[in-house]
Amino acid sequence: MKFTLSWLKTHLDTQAPLDDILYALTDLGLEVEGVETPVAALSDFTLGHIKSAEKHPDADKLRVCVVATDEGDKQIICGAPNARAGITVVVAKPGTYVPGIDTTIKVGLIRGVESQGMMASARELELGDDHDGIMELANGTVGQRFIDWLAENDPARVDPVIEIAITPNRPDALGVRGIARDLAARGLGTLKPMVVNDVPGAFPCPITVTIDADAQDACPVFYGRVIRGVKNGPSPEWLQTRLRAIGLRPISALVDITNFFTFDMNRPLHVFDADKVAGGLRIHAAKGGETFAALDDKDYVLDAGMTAISDDTGVESLAGVMGGRETGCTNDTVNVFLEAAFFDPIRTAMTGRALKINSDARYRFERGIDPDWTEPGLQAATRMILDMCGGQASDVVMAGQVPDTARAYLLDTDRVQSLVGMDIPADKQRSTLTALGFRMDGDMAHVPSWRPDVLGQADLVEEVARIASLTKLVGRPLARAQAGVPRPILTPMQKREGAARRMIAALGYNECVSYSFIDAASAALFGGGADATMLDNPISSEMSHMRPSLLPGLLQAAARNQARGFMDLALFEVGPAFHGGEPEEQHLQATGLLIGHTAAKDVHGSRRAIDVFDAKADAEAALAAIGAPAKVQILRDAPAWWHPGRSGQIALGPKKVMAVFGEVHPKVLAAMDVKGPAVAFTVFLEEPPFPRNATATRPALVASDLQPVDRDFAFVVDAGVEALVVVNAAAGADKALITDVRVFDEFVGGALGEGKKSLAITVRLQPMGSTLTEKDIEAVGARIVEKVAKATGGVLRG
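Residues numbered from 1 in each chain as written. Predicted model: local features only at pLDDT ≥ 70, side-chain atom pairs only at ≥ 80, totals over all residues. Heavy atoms only, no water.

Tallied over the entire structure, the rule returns nine aromatic pairs. Seen from their ring centres, F272 and F337 are 6.1 Å apart, and the 55° between their planes marks the pair as tilted. With a gap of 65 residues between them, F272 in strand β17 (residues 270-273) and F337 in strand β24 (residues 335-342) connect regions that are remote in the sequence. By relative accessible area, which is 0% here, F337 ends up buried. An angle of 85° between the planes, with centres 5.9 Å apart, marks the rings of Y509 and F681 as edge-to-face. Here the residue Y509 occupies a position in the loop between α13 (492-506) and β30 (510-511), and F681 occupies one in strand β38 (residues 678-684), the gap between them amounting to 172 residues. Residues Y509 and F681 agree in their burial class; the two are buried. The rings of W7, W238, F260 and F261 are connected pair by pair, giving a single aromatic cluster. (Phe/Tyr/Trp six-rings, centres within 6.5 Å; stacked < 30°, edge-to-face > 60°. Helix = DSSP H or I, 4+ residues; strand = E, 2+ residues; numbered from the N terminus. Buried < 20%, exposed > 50% of the residue type's maximum accessible area, 1.4 Å probe, protein only.)

In structure tokens, the structure reads:
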């Protein structure tokens, strides 16, 4: 929304500086996006006085002028026919940029005579089209800045143009008067009274207006009247200046008047050439397929339900969007039909979007205009047309009824404190609402018709706080509900989620935040894609289903990174996955993905390809961070999107799976365009049991002052025996004494024979009560050998 400062002052009586107005606008919620000073480029031009003008010795049409300037007399060569002694002119000294010719003035020779500047014409200063001669000023002193002279003698030329951003809930600010009303309520001036007198009709209106039953909701009310005998032509200079300042091209007096009211009062209007209207005007819903020739020189085909204004020959205007070419006004127009109506915002927006028509009228109707100012807008425009174009107005014709927007809400003056935290006296609150156009009846605030956004008591509080300025809000600490140390805010699950996130990040992973929606094909790869998780109204075909796992989002991120040359990736995400469409059918996951190598290339050769055990170790670290039990089982039978021979599940039992890890299935990688191999893990954060007795303190540290003992064992077992079976068997030999069992070597082939392998483990014994004797150690070793032999059929390697 653009307007000039002088335009604003036609509604606001103020002496406030421009900077104060700009600050107040932004503070009121009407954010200032820019301020343009039209003559800012003319700041270096000064006034001069021609003391003499002699014929150039080597050119008939040039004159050698001696010009008095603030830097003394300057010799300037000029070819303007009106260059003569005794006139005051605008001087561009060397170094001055001239916008009209895109040139910076320099000292130069013209036909052998030095010229020390230039005297400018209106076109060279971009102040008009006149280029027949240099500008002659009626007054002014030598050395005076030209822009200061303009401010005194032609202030419209230096009028600042202010542009503000309008939020969708403030359609009243799409008119200059609405902006002035806000500033007046803030205290930056007084809103000037506005009285619209009815223009009596001199004859019956020859054009009738009707609204069909199918369009009464789309067009509740329609006013119009004929004005005959008008003389269309250029509008007055003041009106053209205002329109040009905000970026509109003056067309003719009739069109410029409708544009003026659109921006001045947020009241879009339209004028038809009455002689081109066949019969009466009918507002109706389009049947579909009608062709409409619009003012933008384009033809449109209407869809069924669009609101159209037709005469006996066809559609002549698209309600609230754009007028028609066939009945548009020209300089030859002598009789016009002036329209003022109220159109439904939703229907107007749907029509404009469907036809891809953007217009100032549509922009305002789809946000909401003041329905009560429909007839006053018609009367005010009629008066301006008669004043500028002459003519005689008919009686007003009307169809429909003005929508009833009357509503009132209780002003609870104490709610400003409870909702906003500001102390504003009750009388001040009432006067604020009154200044904004609300009518106070006791504590009931009647909402003005131009404020469709005020729909409750909270909106009244917002208006009071907005005018008082939220910058005055003083921050205060929130009062505690009870004295002492406050209770924890985070739930145990939230703490667990945070602990998992911190641990995975500490392992070197980069956190991702992906959409909870994925495409059907990707969802199907991970056991999802059912109708229960399909969205009714997806924003795109690639976001049609709720994700059954976090892994597809990470794989998609990996594919995008690989496409940009990043091949070594460590990504993770913590969030919900969905196995159904109900609120309770979701589960919290922490998923990590590894692709490529463990490190960059270096001279030490530490770089290696990632493998499944990297994912297993990271899964175990995440489980340890959230307090999962250390004694677990490793199970096979991971879901189908994992590699069947290189994956596993970390569980407390067959029905209590806490995590899954492994290599992602090659078919899944190919389908998602990821260059593998890729390993990953998923921790199901809700599965590990919480401690039964939660305390605020940690349990006592259990430590031994006795030295542990490590013993190594090597067992020859069948090649198909899993290392975990050996580890679990050894650990079960003495659960009180054995604290750790680790595999440190595997050997296959050689003297062991076909189908055999050797697994070497180290077992740590931690005595608690007394130091272990050699006999005690040998006894535990024997039990270990016995347990492993029983579990695997293996023998101690000789």
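From this point, the discussion proceeds with the structure in view.
A separate point is the confidence of the model for the chain. On average, the chain scores 92 in pLDDT, and the residues at 70 or more come to 100%. Here helix α10 (residues 415-420) is the element of the chain with the lowest mean pLDDT, 85, and β38 is the one with the highest, 97. (pLDDT = per-residue confidence, 0-100.)

Before going further, it helps to examine the pattern of salt bridges. Inspection of the entire model under this criterion finds 40 salt bridges. Here D148 and R145 are joined by a salt bridge, their closest N and O atoms 3.2 Å apart. The class for D148 is partly exposed, based on a relative accessible area of 30%. Salt-bridge contacts for E573 lead to R547; the nearest nitrogen and oxygen are separated by 3.2 Å. You can see E573 sitting in strand β33 (residues 569-578) and its partner R547 sitting in the loop between β32 (545-546) and α15 (551-563), a full 26 residues away along the chain. (Salt bridge = Lys/Arg side-chain N within 4 Å of Asp/Glu carboxyl O.)

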